[in-house]
Amino acid sequence: RILGEDLVLFKDRQGHLGLIGDRCVHRAMDLRFGIPEETGLRCPYHGWLYDGGGQILQTPLEPVDSHIKDHVRIKAYGVEEMGGLVWAYLGPEPASPHLASAA
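What comes next concerns the included structure. Please read these numbers as outputs of a predicted model, since none were measured by experiment.

Analysis parameters
- Residues numbered from 1 in each chain as written.
- Predicted model: local features only at pLDDT ≥ 70, side-chain atom pairs only at ≥ 80, totals over all residues.
- Heavy atoms only, no water.
- Pairing = 2+ DSSP bridges.
- Helix = DSSP H or I, 4+ residues; strand = E, 2+ residues; numbered from the N terminus.
- Buried < 20%, exposed > 50% of the residue type's maximum accessible area, 1.4 Å probe, protein only.
- Polar contact = N/O pair within 3.5 Å; in protein donor to acceptor, adjacent residues only side chain to side chain.
- Contact = heavy atoms within 4.5 Å.
- Salt bridge = Lys/Arg side-chain N within 4 Å of Asp/Glu carboxyl O.
- Axes fitted to C-alpha atoms, helices over the stretch in contact; angles between N-to-C directions.

## What to know about the sheet that holds strand 3 (residues 35-37)
Then, number 1: Pairing is antiparallel in the open sheet, where four strands are placed in the order 3-4-5-6. Where the open sheet ends on each side, the last strands, each with one partner, are strand 3 and strand 6 (56-58).
Then, number 2: Bridging between strand 4 (residues 40-42) and strand 5 (residues 49-50) involves two bridges; their strand directions are antiparallel. Bridge pairing in strand 5 links Arg-42 to Leu-49.

Below, the structure written as structure tokens:
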């Protein structure tokens, strides 16, 4: 919890960091229990996959022609590891030059 907001910081299997909202938009499952995948964090309840930018990459059990992943996102913030610390920018856009590429 930072600045009154609950967030989940994760590292996927490729080593990319992500800082996203703590609840899956599908069934509000707590993403602290999420499963790191090759390209993001998978919800442990129904398996929706989120990338570090909050984009939904996969929606298992949804109809094949469902476009929900094209319209719905989870809150996400730019995050980067520098000097052995993890830095995040939670302010308004445009983000700082260092974190702009991470968002």
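There is more to say, and it comes next.
## A closer look at the pairing of strand 8 (residues 85-89)
Then, number 1: Bridging between strand 7 (residues 76-82) and strand 8 involves five bridges; their strand directions are antiparallel. Counted as the bridge partner of Met-82 is Leu-85 from strand 8.
Then, number 2: Where strand 7 folds back on strand 8, the antiparallel hairpin that results is connected by two residues, among which Gly-83 adopts a positive phi of roughly 60 degrees.

## A word on the side chain of Arg-42
Then, number 1: Note on placement: Arg-42 falls in strand 4.
Then, number 2: Overall, Arg-42 belongs to the buried group, its relative accessible area being 15%.
Then, number 3: In terms of polar contacts, Arg-42 uses its side chain to reach the side chain of Glu-37, at 3.2 Å.
Then, number 4: Looking at Arg-42, its side chain comes within polar contact range of the main-chain oxygen of Gly-47, at 2.5 Å.
Then, number 5: For Arg-42, the contacting residues outside a window of four places in its chain are Gly-34, Ile-35, Glu-37, Gly-47, Trp-48, Leu-49, Gln-58 and Pro-60.

## A closer look at the pattern of salt bridges
Then, number 1: Summed over the entire model, instances satisfying the criterion amount to six salt bridges.
Then, number 2: Note that Glu-37 is salt-bridged to Arg-42, the shortest N-O span being 3.2 Å.

## Focus on the sheet that holds strand 1 (residues 7-11)
Then, number 1: Taken in spatial order, the four strands line up as 1-2-7-8 in an open sheet, and their pairing is antiparallel. This sheet does not close on itself; its edge strands, each paired only once, are strand 1 and strand 8. With strand direction ignored, the average angle separating the axes of adjacent strands in the sheet is 25 degrees.

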